Amino acid sequence: MAAPRDGLATVEAEGIAGRQASSGVEAVFPSDPATPAPLCPHGPTLLFVKVNQGKEETRRFYACSACRDRKDCNFFQWEDEKLSGARLAAREAHNRKCQPPLSRTQCVERYLKFIALSLSQRKFCQQCQQLLLPDDWEKHQEHRVVGDISITQLKRPSQLLYPLENKKTNAQYLFADRSCQFLVDLLSTLGFTRVLCVGTPRLHELIRLKASGEKKSNIKSLLLDIDFRYSQFYMEDSFCHYNMFNHHFFDGKAALEVCRTFLQEDKGEGVIMVTDPPFGGLVEPLAVTFKKLIAMWKEGQSQDSSHKELPIFWIFPYFFESRIRQFFPSFCMLDYQVDYDNHALYKHGKTGRKQSPVRIFTNIPPNKIILPSEEGYRFCPLCQRYVSLENQHCEHCNSCTSKDGRKWNHCFLCKKCVKPSWIHCSICSHCALPDHSCGGPKDGCFICGELDHKRSTCPKIAASKKVNNTLFFRAVRKQKQRKSNKMKMGTTKGQSMNHTSVTRKKNRRERAHQYLCS
């Protein structure tokens, strides 16, 4: 859970989606690249270009496909840059150093040895996130180690491993059991026998648990994920270390063939791809990758089946709908709200704007997908699909228009339904929030307002920081002064009370002395 994928993540991601077309960074995919892309630790890099006011800058550059933050992967190279042999050798050495410590074959060998151990010998190092064999125990003596790892725990590695929560790279927000169970039941109802799980480790686990349970399911699954830690829990035919942003299999052709065989089994019949990318990732690289997986699936199809599409569930926030449909026009968005265990906002049962914004985009006809009525979904006979309870059918739009689970209102000037918190702005000629900035989002610098640079490179940033620092220290001094005054008042009050108490005691003693003397 990539989602680009945190504050109010809904608002942030929505803003990013809205601004991508005017300013920011976009991926470039040359139709016939002259040279292969250089490699970083995450596989082939992508070619990017900076866009300002809808115009591309002249010089393009290569950067990591998976990490949008240079702190996670600092690869950078201009497209026309020539590197010396020494720099290329240093880069290759760095890439090798960043690879997982164990090969895929070694992980499988260790796994087979681990499950053969007795329960008391099965240990897991929480600090290193690694299954331990007896030979490893001494090295991990000072670490946090959990013992008695059962076979059931091995089948749920997502509960043993700490989630990676880098929103722009891994974003391992794991499906809640409610959503995961709904997906498994839905896949079974639709008649699928194989599920390609791209970045959905918890769904993969539940499918395998169902297959090995008492009521055995006939669904098989293959997990493709960038988190190499899963290598130690699965055999080669169940997991491939994979980067979904550049379609890179870290273990080479062997892993590629595992995926190809899985997709083309039974002439490609009965398979579906379910993907849950990091929400901070760019949509276009993901779309390019998914089209490559679709092409791989189509290789096993006969010419009579060339018109068929690979069924897909793409799980992503609803505000990326237009972007996704730009690359997959046949996709529609379901009203089902996907929720996550380890996300503060994307939880089931919340109402209004606090509802999860994550939806399922699919090329399966929506009238075939039944959403649970016990969770408030109902069937709209006019739209011929299941919708959320408050998603009312608009007779003017002739559809159930709500995207976020709330009831939307029809604007006759815009000729469409809009969010209940929006009003029509006569200046902008469209609906927006009441306190919006007329004229659309302002690109450029937030400090001086100029359009040729951003805040980080503003020449006036030093003056801005100085003013902010002055205000900050002034506020701190005032706070300290208030505390000091309170303490003085407390001390004075305490001294006054002590003096009164002493006087009273003295008077009592004098009266007692006079009484005894009399």
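Residues numbered from 1 in each chain as written. Predicted model: local features only at pLDDT ≥ 70, side-chain atom pairs only at ≥ 80, totals over all residues. Heavy atoms only, no water.

The chain appears in an unreviewed UniProt entry as rRNA N(6)-adenosine-methyltransferase ZCCHC4 from Callorhinus ursinus. On record in UniProt, under Sequence similarities (unreviewed entry), the comment for the chain is "Belongs to the ZCCHC4 family." (UniProt positions renumbered as here; feature names shortened; annotations may be inferred.)

Undergrad: Before we move on, can you summarise the nonpolar core with the specific residues and values?
TA: Counting 93 residues, the largest nonpolar core has Leu196, Phe313 and Trp314 as its most contacted members. The next biggest cluster of nonpolar side chains, apart from the first, holds six residues, and it includes Ala27, Phe48, Phe61 and Leu282. (Core = buried A, V, L, I, M, F, W, Y, C linked by side-chain atoms within 4.5 Å. Buried < 20%, exposed > 50% of the residue type's maximum accessible area, 1.4 Å probe, protein only.)

Undergrad: Summarise the packing of aromatic side chains; cite the residues concerned and give the values.
TA: Across all of its chains, the model carries 20 aromatic pairs by this definition. For the ring pair Phe379 and Tyr386, a centre distance of 5.2 Å and an interplane angle of 65° mean the geometry is edge-to-face. Aromatic ring contacts, followed pair by pair, group Phe175, Phe279, Phe290, Trp314, Phe316, Tyr318, Phe319, Phe320, Phe328, Phe331 and Tyr340 into a single cluster. Residue placement shows Arg194 over the ring face of Phe262; its charged tip is 5.8 Å from the ring centre. Of note, Lys291 hangs over the ring of Phe328, and the distance from its end group to the ring centre comes to 5.5 Å. (Phe/Tyr/Trp six-rings, centres within 6.5 Å; stacked < 30°, edge-to-face > 60°. Lys NZ or Arg CZ within 6 Å of the ring centre and 35° of its normal.)

Undergrad: An account of the layout of surface pockets is needed here, citing residue identities and associated values.
TA: The space that makes up the second largest pocket amounts to roughly 910 Å³. If you trace the second largest pocket, you find 35 residues lining it, with Thr35, Pro36, Ala37, Thr45 and Tyr62 closest to the centre. Elements represented by at least two residues in the lining of the second largest pocket include exactly strand 4 (46-52), helix 2 (85-97), strand 14 (248-249), helix 8 (252-264) and helix 9 (283-298). Classifying every residue of the lining of the second largest pocket gives 20 nonpolar, eight polar and seven charged. Two domains each donate at least three residues to the lining of the second largest pocket, and these are domain 1 (23-98) and domain 3 (167-369). (1 Å grid on protein atoms, 1.4 Å probe; cavity = no way out; pocket = protein on both sides within 12 Å on 5 of 7 lines; lining within 4 Å. Points joined across faces, edges and corners; volume = space filled by probe spheres on them. Helix = DSSP H or I, 4+ residues; strand = E, 2+ residues; numbered from the N terminus. Nonpolar A, V, L, I, M, F, W, Y, C, P; charged D, E, K, R; others polar. Domains from an automatic or database assignment.)

Undergrad: So what's going on with the environment of Leu256? Residues and values would help.
TA: Turning to its location among the elements, Leu256 is positioned in helix 8. Linking Leu256 and Met296, residues 40 residues apart in sequence, is a C-alpha distance of 9.9 Å. Setting aside residues up to four positions removed in sequence, Leu256 forms contacts with Phe249 and Met296. (Contact = heavy atoms within 4.5 Å.)

Undergrad: Can you explain helix 6 (residues 177-189)? Please cite residues and give values.
TA: Here helix 6 spans 18 Å end to end across 13 residues, near enough to the 18 Å set by a 1.5 Å rise per residue. Along helix 6, the positions that sit buried rather than exposed are Arg178, Ser179, Cys180, Phe182, Leu183, Val184, Leu186 and Leu187. Remark: Gly191 follows helix 6 within two positions and exhibits a positive phi of approximately 90°. (Expected span 1.5 Å × (residues − 1).)

Undergrad: Which residues make up the packing of helix 6 against helix 7 (residues 201-212), and what are the values?
TA: Look at helix 6 against helix 7: their axes get within 10 Å of each other, and the N-to-C directions meet at 55°. Here helix 6 lies oblique to helix 7, going by the angle between them. Where helix 6 crosses over helix 7, the handedness of that crossing is right-handed. Residue-level inspection shows Cys180, Gln181, Leu183, Val184 and Asp185 of helix 6 in contact with helix 7, the latter providing Arg202, Leu203, Leu206, Ile207 and Lys210. (Axes fitted to C-alpha atoms, helices over the stretch in contact; angles between N-to-C directions. Parallel < 35°, antiparallel > 145°, perpendicular 65-115°, else oblique. Left-handed = near helix turned anticlockwise from the far one by under 90°.)

Undergrad: Provide a residue-level description of a nonpolar patch on the surface, including the pertinent values.
TA: Together, Leu112, Ile115 and Ile151 make up a nonpolar patch on the protein surface, roughly 220 Å² of accessible area in all. Position of Ile115 relative to the elements: it lies in helix 3 (residues 104-116). Note on Ile115: relative accessible area 30%, which makes it partly exposed. (Patch = residues over 30% accessible without salt bridge, like charges linked within 9 Å, V, L, I, M, F, W, Y side chains within 5 Å. Areas by Shrake-Rupley, 256 points an atom, 1.4 Å probe, with all protein chains shown as cover. Salt bridge = Lys/Arg side-chain N within 4 Å of Asp/Glu carboxyl O.)

Undergrad: Just give me the short version of the pattern of salt bridges, but keep the residues and values in it.
TA: Inspection of every chain in the model, using the stated rule, returns 17 salt bridges. Where Arg178 meets Asp339, a salt bridge forms, and the shortest distance between an N and an O atom there is 2.6 Å. Of the two residues, Arg178 sits in helix 6 while Asp339 sits in the loop between strand 17 (332-333) and strand 18 (358-362), which places them 161 residues apart along the sequence. According to the relative accessible area criterion, Asp339 is buried, its value standing at 5%. Linked by salt bridges that have partners in common, Arg178, Asp339 and Glu375 make up one network.

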